[in-house]
Amino acid sequence: MMQKLEAWFRSLALREQRMVAMGGAAALLVLLFGAWLPVERRVARLEQQVQTRQADLAWLQSIAPQLAALRERPSGTGNESLVVIADRVAHETGIARSLNAQAGGDGTLNVRLEQVAFDSLLNWAGELVQHHGIRVVSANIDSGAASGMVSATIVLRAR
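Residues numbered from 1 in each chain as written. Predicted model: local features only at pLDDT ≥ 70, side-chain atom pairs only at ≥ 80, totals over all residues. Heavy atoms only, no water.

Engineer: Would you take a moment to explain the environment of Pro38 for this structure?
Structural biologist: Looking at the secondary structure, you find Pro38 in helix H2 (residues 14-72). A residue is classified by how much of its surface remains accessible, and Pro38, at 43% relative accessible area, is partly exposed. C-alpha of Pro38 to C-alpha of Ser151: the two residues are 113 residues apart in sequence and 32 Å apart in space. (Helix = DSSP H or I, 4+ residues; strand = E, 2+ residues; numbered from the N terminus. Buried < 20%, exposed > 50% of the residue type's maximum accessible area, 1.4 Å probe, protein only.)

Engineer: Hey, could you run me through the sheet that holds strand E3 (residues 134-143) in this one?
Structural biologist: Consider a sheet: its strands pair through backbone hydrogen bonds, and that pairing is either parallel or antiparallel. Reading across the sheet, the 4 strands line up as E1-E2-E4-E3 and stay open at both edges, with antiparallel pairing between neighbours. Each having just a single partner strand, strand E1 (99-103) and E3 make up the two edges of the open sheet. Averaged over all pairs of adjacent strands, the angle between their axes in this sheet comes to 15°, without regard to strand direction. In this sheet, strand E4 (residues 149-158) lies alongside E3 in antiparallel orientation, the contact comprising 9 bridges. (Pairing = 2+ DSSP bridges. Axes fitted to C-alpha atoms, helices over the stretch in contact; angles between N-to-C directions.)

Engineer: I tried to follow the pattern of salt bridges on my own but got confused; where do I start?
Structural biologist: Note on pairing: side chains with opposite charge can pair once their charged atoms come close. For the coordinates displayed, the defined rule picks out 4 salt bridges. One salt bridge in this structure joins Arg88 and Glu92, with 3.5 Å as the shortest N-O distance. With Arg88 and Glu92 both in helix H3 (residues 82-93) and 4 residues apart, this pair spans about one turn of that helix. You can call Arg88 partly exposed: its relative accessible area is 27%. Residue Asp106 pairs with Arg157 through a salt bridge whose shortest N-O separation is 3.9 Å. Here Asp106, found in the loop between E1 and strand E2 (108-117), pairs with Arg157, found in strand E4; they are 51 residues apart in sequence, far enough to count as distant. A relative accessible area of 49% means that Asp106 is categorised as partly exposed. For Arg157, a relative accessible area of 26% gives the class partly exposed. (Salt bridge = Lys/Arg side-chain N within 4 Å of Asp/Glu carboxyl O.)

Below is the structure:
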């Protein structure tokens, strides 16, 4: 096969040989760049994700002592139910319209928040944890349609 290809190439005029060689080189370059550029873009995206996650980890490590201290505090819910406290704090932090809460059968409260400012969500959750002794069992936060807006599903439990 290679001999036939070489024989065909040698049978071409010198000008045609140059054209075929330049075309082959150009095709090789297009193939290389076509494979290289997507890989390079993916690597850049992954490097950015690593930097973001490292910053998140550093922040979490910096607040770990505060979280440990909060975990040791006794419950401050008093006689109010978990639903009442979550709703009252939602009104205080301005996210009450976005809150949908359902009591779980195991003493938890399942809360769904739609399109709220991330800062307001953190203020609400922080108020519940720090001042009312409520524990966040799980949280799933998704980015919203607008910058700074999120939707979240959070499971709360009184300590």
